[in-house]
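# Chains, contacts and geometry: an overview
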Amino acid sequence: MSSIEAPPGAAGHYRALESLYAAAPINQLFDSVLEITGPGTSRIRFEIDPRHFHAGGAAHGTSYFKMLDDAAFYAANTLVTDRFLLTTQFNLLFTRPMGAGPAIAEGRWVSGQRRVLIAEARLIDGGGEEVARGTGTFMRSRIPLAGLAGYRLG
């Protein structure tokens, strides 16, 4: 991993990203909370319940993807204070089924800070077992963070 430095005004940026996550309409469908834990890192605590299950009685892959993508995305966006990032690619590896209960997605920036950033995430079930991991590529968009509903500095 390359060296990483917190951007100027990092604490305010981190809280604004957490607010942005909470304001996103998709997140009304999941009982989840984003925590920015430092430069290039994030954690999403969430709950899987039977509404998220496929016909086989375990969490559907959409839950895995959403939480891994979000954790990696926000880990990367901690390093970009002016623009919203866009996911351009995401690779996902499922390692075991996930049932109902608490879970955590942990994101970590891997490389890049200019136009394209790479970040990874892992998904941990309530028993502490890794159930999936993923790696994403994220590109700076033309969308200013400051113009997004939910992104509130200070």
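On a predicted model such as this, the values are computed, not experimentally measured, just so you know.

Cut-offs applied
Residues numbered from 1 in each chain as written. Predicted model: local features only at pLDDT ≥ 70, side-chain atom pairs only at ≥ 80, totals over all residues. Heavy atoms only, no water. Helix = DSSP H or I, 4+ residues; strand = E, 2+ residues; numbered from the N terminus. Expected span 1.5 Å × (residues − 1). Buried < 20%, exposed > 50% of the residue type's maximum accessible area, 1.4 Å probe, protein only. Contact = heavy atoms within 4.5 Å. Core = buried A, V, L, I, M, F, W, Y, C linked by side-chain atoms within 4.5 Å. Phe/Tyr/Trp six-rings, centres within 6.5 Å; stacked < 30°, edge-to-face > 60°. Pairing = 2+ DSSP bridges. Axes fitted to C-alpha atoms, helices over the stretch in contact; angles between N-to-C directions.

The end-to-end C-alpha distance of helix α1 (residues 10-23) is 20 Å, a good match for the 20 Å that 14 residues give at a rise of 1.5 Å each. Burial in α1 covers these residues: A10, H13, Y14, A16, L17, E18, S19, L20 and Y21. In this structure, the buried residues of α1 make contact with β1 (32-38), β2 (41-48), α2 (61-77) and β3 (83-94).

Here we come to the environment of F30. Positionally, F30 belongs in the loop between α1 and β1. Note: C-alpha distance between F30 and D49 (19 residues apart in sequence) is 9.4 Å. Not counting residues within four places of it along the chain, the set of residues in contact with F30 comprises H52, S63, K66 and M67.

So, about the nonpolar core. The biggest cluster of nonpolar side chains holds 38 residues, and the ones touching the most others in it are I44, F46, M67, Y74, M98, L123 and F138. For this core, the secondary structure elements donating two or more residues are α1, β1, β2, α2, β3, β4 (101-111), β5 (116-125) and β6 (130-144). A total of eight residues in this core trace back to one element, the largest contributor, which is α2.

Glancing now at the packing of aromatic side chains. Tallying each qualifying case throughout the model produces six aromatic pairs. Taking the centre distance of 5.7 Å and the plane angle of 80° together, the rings of Y21 and Y74 count as edge-to-face. Here Y21 is found in helix α1, whereas its partner Y74 is found in helix α2, with 53 residues between them in sequence. In this structure, Y21 and Y74 share a single accessibility class: buried. Measuring from centroid to centroid gives 4.7 Å for F73 and Y74, while their planes differ by 80°, and the two rings are edge-to-face.

A separate point is the sheet that holds β5. Here we have six strands laid out as an open sheet, ordered β1-β2-β4-β5-β6-β3, and antiparallel in their pairing. Looking at the sheet topology across the chains shown, the edges are occupied by β1 and β3. Averaged over neighbouring strand pairs, the angle between their axes works out to 25° when direction is ignored. Along the sheet, α1 contacts β1, β2 and β3; its crossing angle with β1, the most-contacted strand, is approximately 165°. Strands in contact with α2 are β1, β2, β3, β4, β5 and β6; relative to β3, the strand with the most contacts, it is inclined by about 135°.

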